[in-house]
Amino acid sequence: MFKLVYCLARRSDVAPDQFHRYWLETHGPKVRERRSALKAKKYIQSHTFEPELNRLLQDSRGMQPPYDGITEVWWNSVDDLKAALATAEGAKAMKDLLDDESTFIDFGNSRLFCTREHLIFD
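Remember, predicted model here, so these are calculated numbers, not experimental data.

Draft legend 1. The arrangement of the nonpolar core in detail. Ranked by size, the top nonpolar core spans 13 residues in total, and within it Tyr6, Leu8, Phe19, Trp23, Trp75, Phe104 and Ile105 carry the most contacts. For this core, the secondary structure elements donating two or more residues are β1 (2–8), α1 (16–33) and β3 (69–75). Here this core gets four residues from one element, more than from any other, and that element is β1. Of all hydrophobic cores here, the second largest spans five residues; its members include Val31, Leu38, Ala93 and Leu97.

Draft legend 2. Up close: the packing of aromatic side chains. The final tally for this structure, using the stated rule, is four aromatic pairs. Pairing phenylalanine 19 with phenylalanine 104 gives two aromatic rings, centres 5.6 Å apart and planes at 55°, and the pair type is tilted. Here the residue phenylalanine 19 occupies a position in helix α1, and phenylalanine 104 occupies one in the loop between α5 (88–101) and β4 (111–115), the gap between them amounting to 85 residues. Neither residue differs from the other here; phenylalanine 19 and phenylalanine 104 are each classed as buried. Lying over the aromatic face of tryptophan 74, lysine 42 brings its terminal NZ or CZ to 4.6 Å of the ring centre.

Draft legend 3. Representation of the state of the cysteines. Tallied over the entire structure, the rule returns zero disulfides. In this structure cysteine 114 is a free cysteine whose sulfur lies 12 Å from that of cysteine 7, the closest cysteine sulfur available. Assessed through its relative accessible area of 53%, cysteine 114 is described here as exposed.

Draft legend 4. How the structure looks around the sheet that holds β4. Read from one edge to the other, the open sheet built from four strands follows the order β2-β3-β1-β4, with strand pairing classed as antiparallel. The sheet is open, and its two edges are formed by β2 (42–47) and β4, each paired on a single side. Neighbour-to-neighbour, the strand axes of the sheet open up by a mean angle of 15°, direction not taken into account. Taken together, the seven bridges between β1 and β3 define a ladder with antiparallel strand orientation. Paired with leucine 4 across the strands is valine 73, a residue of β3. Contacts from α1 reach β1, β2 and β3 within the one sheet, and its direction differs from that of β2 by about 175°.

What counts and how
Residues numbered from 1 in each chain as written. Predicted model: local features only at pLDDT ≥ 70, side-chain atom pairs only at ≥ 80, totals over all residues. Heavy atoms only, no water. Core = buried A, V, L, I, M, F, W, Y, C linked by side-chain atoms within 4.5 Å. Buried < 20%, exposed > 50% of the residue type's maximum accessible area, 1.4 Å probe, protein only. Helix = DSSP H or I, 4+ residues; strand = E, 2+ residues; numbered from the N terminus. Phe/Tyr/Trp six-rings, centres within 6.5 Å; stacked < 30°, edge-to-face > 60°. Lys NZ or Arg CZ within 6 Å of the ring centre and 35° of its normal. Disulfide = S-S within 2.5 Å. Pairing = 2+ DSSP bridges. Axes fitted to C-alpha atoms, helices over the stretch in contact; angles between N-to-C directions. Contact = heavy atoms within 4.5 Å.

Function-wise, these values are silent; they only describe arrangement.
Laid out in structure tokens, this is it:
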């Protein structure tokens, strides 16, 4: 399996609580509805919380503020994702999600990349 990791920054005109609520209650179900068209096997949202604790940890390391959250999406193979995107249904599903994401995600300050996991301990 491989996964796509999407580090999300919210648009400046979207309040943090509004961002998290929309992402979880509206966008998440839209992804679930399109999972078959995308051949996705797993989808997880990790929402940033504990701003004071985050600030302490960042300050101790001289780091930038955190992303507003992380999405992880898994596929059985790269070929599965490529095959899904090559279909009209998969391309439409991806476009629908991209259009929705543009309403709450700041693309310029977000990051997106494919990864392979290496289990260190469980």
